[in-house]
Amino acid sequence: MTKELAKGYEPHDVEKRWYTEWETKGYFRAAATSDKKPYSIVIPPPNVTGALHMGHALNNTLQDILCRWKRMQGYNVLWMPGTDHAGIATQNVVERQLTAEGKDRHDLGREAFIERVWKWKAESGGQIIGQLKRLGASCDWERERFTMDEGLSKAVRTVFVKLYEDGLIYRDNRLINWCPRCHTALSDIEVEHEDHKGHLWHIRYPVVGEPGRFVVVATTRPETMLGDTAVAVHPEDDRYSDLVGKKVLLPLLNREIPVVADDYVDREFGTGVVKITPAHDFNDFEVGQRHGLDKINVLDESGIINAAGHQYEGMDRFAARSRIVVELEEAGLMGKIADHPMSVGGCYRCKTVVEPYLSLQWYVKVAPLAERALDAVKTGKTRILPKQWENTYYDWMENIRDWCISRQIWWGHRIPAWFCDHCDNVTVSMDTPTKCSTCGSDELRQETDVLDTWFSSALWPFSTMGWPEQTAELKTFYPTACLVTGFDILFFWVARMMMMGLHFMDKVPFTDVYIHALVRDAQGHKMSKSKGNVIDPLTVIDQYGTDAFRFTLAAFAAQGRDIKLAEERIAGYRNFCNKVWNAARFTMMNLEGFNPDGINFDSLELSQGDKWILHRLNETARTVDETLTGYRYNESAMALYQFTWSEFCDWYLELSKQDIYNGTPERKRATQYVLWYTLENLLRLLHPFMPFITEEIWQALPGTVGAPLAAPDGRAEQALPLQTIMLATYPEYREDLSFPQDSADMERIMAVIGGIRNIRGEMEVPPSKQIAVILSCDSETSRRLMKHNENAIINLARVSDLAIGYRIEKPEDASIQVAGDVQIYVPLKGLVDVAAEEERLLKEISKIDKEIEMFSKKLESPAFVDRAPAEIVAKERQKLSDVNGKKVMLEESLDKIRKLK
């Protein structure tokens, strides 16, 4: 007996019920060893402090589509989940708690503070995992990892020790990004740049030995002049060629510094002379290296001027800037001060302005590692999609700098290095050493720094599978099939995983890297709390349901194009969910007493409509397979949307009614089977995109749960009884379901029906009113085709009298449409009140004229066109174009009506 679906689809109870069922029954779990072909993805681990945002939602929806699709294709799918310990972010969360208690981490001490962080994680961390489950993520949650769990910590230590022993890890005093508030080094991705209105100060540096001669240097940071050790000019700049090799006097400190020539200098910027401060600017550091310049650090760890700043010692860096500017002006050494827009880097956690800072840090020598990672992409071992991102990857890898891996915080993987206070030797070891490896002294102290969060993340594809142990998971699932991620971490994470995977596993970590775009607001602006344009995924899920949200993201996930997301679009795909639900309700209401088991497909009496929908279903399955294989999610989603709404619902369900209600027993049985088969296959095609609604409907269909699925030819498609659509076979293209001629013929019939409907619409004939139609065919083939399908034409076009013939003369008062070689005539006399219709059309045209005048005036106004945002102007132009098009259609209808007088 067919189960009955509720009148309307209510997603929330359905989602909770089915996700619990899937997880409880272990449907997400991968087998460590299996005869099935493996398919694996590692989740980009969200921060343990994180909450689900649009980037997460898009990223994990796309991953889940792949995993559900491959699982249904019969693969042994591992989607490895986990979270990142997020060193600075997590430490800041707990430090804020301590601040509220009137304490800081130093009051607790390192061990007690770390215990406090673990306690926070146990109580509050990882809320994002529950949020990912609400999104429908089918991860293997029993294998969930954390970048600081015992196994991953062992992997991290193993890698550090091995790289150190290979000479690929070293310590050096170099320039890094430094947060004066967090007191730690930062990676480039942890520095967030914002545009600010700054100044370009022009400072006069006296030339030594040439009284009255100055060189003018332009700078955006006057306080760093305290650390200047040279000024530089371009070697081909004739204005300053005589100065090279001479010295200038550093203003205020009166220190003599050399003039050097270097290609780095931009002759067009400022005066063409730049100050060189190797300890406080990354480019200057490189210039200093080339010319052997001193590196004078004038700041302490808190951004306060140190003793090297002489009379400014103890001042905050920005207070020192103000004082220096005043004193330069008083000394007559300040030239012009120009407004200058600039990008200022801030700490991604506390927003403090970051300083380039000279500090002793640990580094990975990456050039030897980068070579293989670069070659792997160039030779196709790993594909980056869209392909345009390969060039970005090449550019980064070919110009790579050594990686600063140390951080001056407490939460993280503590560096396994011990310093000997007796001989200053460094011992790096897997286990805590009891004595110095050089002199044997027991006076050892461990490095206080922890490793950059990205260090442990770089090992994620193999450490999560048990490395350095040689596990069954590692053997089965490494390398992974695909990584889905955002472009912003292509270098910081993807490239480093490539380097580490090749170095330690001798294989690339993934075959494909799919780079998805950004989710922006409806106007294309980046979402941010400050702008108030953030769309919360959880709010959207509550309002519209998970399936509508997921399908929206997939439908707009075109390669290389950012997603402009508006809630109206999600609401639109909620309507699509309702369309699927209502189609299922109609189908199941008409399957009473129907059992698909044992039906011999070859014995069914199929109509052209039946063959058409089976052919279109088959073609849709082929399109979805091709587009998902190419990561063209939007094309897959649109193919499914088009088939579901425009073909199955709009056409086949209507076509089926005549045989369901009035057909012979044989035709009714065939139509029921095609309805059932099409819906059942459609649910499977839709499942990776819309998992919840498809499971709910599929469970209610006859012949699904607990029974093998029958193919059209009667053979079993599924070997074992099924309990979930998740494990049903994903539909594939089948030669025996290809009916190209019947499909083409049916589309000619549909074109005729569409032509009749167009005439109805143009003449405003009510849907309830039946009309007479004449079909004049230019060929006997078309005449026979129309005659064979006349019932479909009569029923779907609401025709009372249908005449079909060969080259019939057009009646004088008829409206005409053309569909291929068929002329469609609809006699209008008596059908339309000519006078009333003429009056109505004239009123409509008058109304449209006013709208045209309004839009035209607006667009002719420079005040509007020049000042309004470009997207608003474009919308107004589109409105004008639309109303002009509408006027043309109304005038054509008016012309037809007047011919009836």
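Being a predicted model, the structure only gives us computed values, none of them experimental. (Residues numbered from 1 in each chain as written. Predicted model: local features only at pLDDT ≥ 70, side-chain atom pairs only at ≥ 80, totals over all residues. Heavy atoms only, no water.)

(A) Up close: the overall build of the chain. When helices and strands are tallied, the chain shows 28 helices and 29 strands. Its C-alpha atoms give the chain principal-axis dimensions of about 110 × 70 × 55 Å. The burial tally for the chain puts 54% of its 901 residues in the buried class. Taking as baseline every contact in the chain between residues at least 6 positions apart, the subset at least 24 positions apart corresponds to 77%. Entry remark: accessible area of the chain is about 39400 Å², with carbon and sulfur atoms responsible for 48%. Looking at the chain, you have 109 positive and 131 negative side-chain charges, and the mean spots of the two groups are 3 Å apart. (Helix = DSSP H or I, 4+ residues; strand = E, 2+ residues; numbered from the N terminus. Buried < 20%, exposed > 50% of the residue type's maximum accessible area, 1.4 Å probe, protein only. Contact = heavy atoms within 4.5 Å. Areas by Shrake-Rupley, 256 points an atom, 1.4 Å probe, with all protein chains shown as cover. Lys, Arg positive; Asp, Glu negative; His and termini not counted. Charge placed at Lys NZ, Arg CZ, Asp CG, Glu CD.)

(B) Region of the structure containing the packing of aromatic side chains. Summed over the entire model, instances satisfying the criterion amount to 37 aromatic pairs. Connected via pairs of aromatic rings, a cluster forms that spans Phe551, Phe556, Tyr573, Phe576, Tyr641, Trp645 and Phe689. A cation over a ring is seen here: arginine 68 above tryptophan 22, with NZ or CZ 4.6 Å from the ring centre. Sitting over the ring of tryptophan 403, arginine 496 keeps its end group 4.0 Å from the ring centre. (Phe/Tyr/Trp six-rings, centres within 6.5 Å; stacked < 30°, edge-to-face > 60°. Lys NZ or Arg CZ within 6 Å of the ring centre and 35° of its normal.)

(C) Region of the structure containing the pattern of salt bridges. This model, assessed by the stated rule, comprises 57 salt bridges. Between aspartate 64 and arginine 68 there is a salt bridge; the shortest N-O distance is 2.7 Å. Of this pair, aspartate 64 and arginine 68 both sit in helix H2 (residues 54-72), separated by four residues, roughly a single helical turn. Residue classification places arginine 68 among the buried residues on the basis of a relative accessible area of 1%. The salt bridge partner of glutamate 853 is lysine 857, with a shortest N-O separation of 3.5 Å. (Salt bridge = Lys/Arg side-chain N within 4 Å of Asp/Glu carboxyl O.)

(D) View of the sheet that holds strand S16 (residues 403-404). The sheet built from four strands is open, its strands ordered S6-S5-S14-S16 with antiparallel pairing. One side of each edge strand has no neighbouring strand; the edge strands of this open sheet are strand S6 (184-186) and S16. Across ten bridges, the pairing between strand S5 (residues 169-179) and strand S14 (residues 355-364) is antiparallel. Within S14, the residue paired with tyrosine 170 across the bridge is tyrosine 363. (Pairing = 2+ DSSP bridges.)

(E) Expanded view of unusual backbone geometry. Look at the link from leucine 385 to proline 386: it is a cis peptide, with omega at -5 degrees. With respect to the helices and strands, the residue proline 386 is situated in the loop between strand S15 (383-385) and helix H11 (388-398). Cis geometry marks the peptide bond from tryptophan 467 to proline 468; its omega dihedral reads 15 degrees. Structurally, the position occupied by proline 468 is in the loop between helix H13 (460-463) and helix H14 (472-477). Positive phi outside glycine occurs at histidine 310, with the angle close to 50 degrees.

(F) The nonpolar core, seen in detail. Residues Phe455 and Phe648 are the most contacted members of the largest nonpolar core, which totals 223 residues. The greatest single-element share of this core, amounting to 13 residues, is contributed by helix H15 (residues 490-505). In this structure phenylalanine 648 touches Ala583, Thr587, Ile613, Phe643, Leu653, Leu675, Thr678, Leu679 and Leu682, once residues within four positions along its chain are discounted. (Core = buried A, V, L, I, M, F, W, Y, C linked by side-chain atoms within 4.5 Å.)

(G) Region of interest: the pairing of strand S12 (residues 273-276). Going residue by residue along S12, you find Val273 and Lys275 tucked away on one face and Val274 and Ile276 tucked away on the opposite face as well. Two strands pair when backbone bridges link them, and strand S9 (residues 230-233) and S12 are joined in this way by four bridges, in the antiparallel orientation. Considered in S12, the bridge of valine 231 is made with lysine 275.

(H) Inspection of the sheet that holds S12 at higher detail. In spatial order, the strands read S10-S11-S9-S12; together these four strands make up an open sheet with mixed pairing. One side of each edge strand has no neighbouring strand; the edge strands of this open sheet are strand S10 (247-250) and S12. The mean angle between the axes of side-by-side strands here comes to 35 degrees, regardless of whether they run parallel or antiparallel. Here S9 pairs with strand S11 (residues 255-261) via three bridges, running parallel. For valine 231, the partnering residue across the bridge sits in S11 and is valine 259. (Axes fitted to C-alpha atoms, helices over the stretch in contact; angles between N-to-C directions.)

(I) Quick look at helix H22 (residues 691-700). Most of H22 is tucked away, with ten of its ten residues classed as buried. Considered for burial, the residues of H22 that qualify are Pro691, Phe692, Ile693, Thr694, Glu695, Glu696, Ile697, Trp698, Gln699 and Ala700. Residues of H22 that are buried sit in contact with helix H1 (11-24), H2, helix H6 (127-134), helix H17 (546-555), helix H18 (567-589) and helix H21 (665-686).

(J) Structural detail: helix H9 (residues 317-330). In this model H9 runs 20 Å from its N-terminal to its C-terminal C-alpha over 14 residues, within 8% of the 20 Å that 1.5 Å per residue would give. Looking at H9, one finds that the buried residues are Arg317, Ala320, Arg321, Ile324, Val325 and Leu328. The buried side chains of H9 occupy one side of the element, clustering within an arc of 135 degrees when seen end-on. Buried positions along H9 lie against strand S7 (191-206), strand S13 (334-347) and S14. N-cap assignment for H9: the residue whose side-chain oxygen lies 2.9 Å from the backbone N of phenylalanine 318 is aspartate 316. Glycine 332 lies just past H9 and shows a positive phi near 70 degrees. (Expected span 1.5 Å × (residues − 1). Arc of directions from axis to C-beta. Polar contact = N/O pair within 3.5 Å; in protein donor to acceptor, adjacent residues only side chain to side chain.)

(K) How the structure looks around the packing of H1 against H22. Between H1 and H22, the least distance of the axes is 9 Å, while the angle of their chain directions is 85 degrees. Accordingly, the angle class assigned to the pair H1 and H22 is roughly perpendicular. Contacts between H1 and H22 involve Val14, Glu15, Arg17, Trp18, Tyr19 and Trp22 from the first element and Pro691, Phe692, Glu695, Glu696 and Gln699 from the second. Counted by class, the contact of H1 with H22 contains six nonpolar, one polar and four charged residues. (Parallel < 35°, antiparallel > 145°, perpendicular 65-115°, else oblique. Nonpolar A, V, L, I, M, F, W, Y, C, P; charged D, E, K, R; others polar.)

(L) Inspection of the environment of leucine 299 at higher detail. On the secondary structure map, leucine 299 appears in the loop between helix H8 (282-291) and H9. Between the C-alpha atom of leucine 299 and that of methionine 315, which follows or precedes it by 16 residues, the distance is 9.6 Å. Other than its neighbours up to four places away in sequence, leucine 299 contacts His280, Ile304, Ile305, Asn306, Arg317, Glu355 and Tyr357.

(M) Region of the structure containing the side chain of asparagine 634. Residue position: asparagine 634 is located in helix H20 (residues 633-662). With a relative accessible area of 15%, asparagine 634 lands in the buried category. Leaving out residues up to four positions away in the same chain, asparagine 634 has contacts with Ala554, Ala555, Phe556, Ala557 and Ala558.

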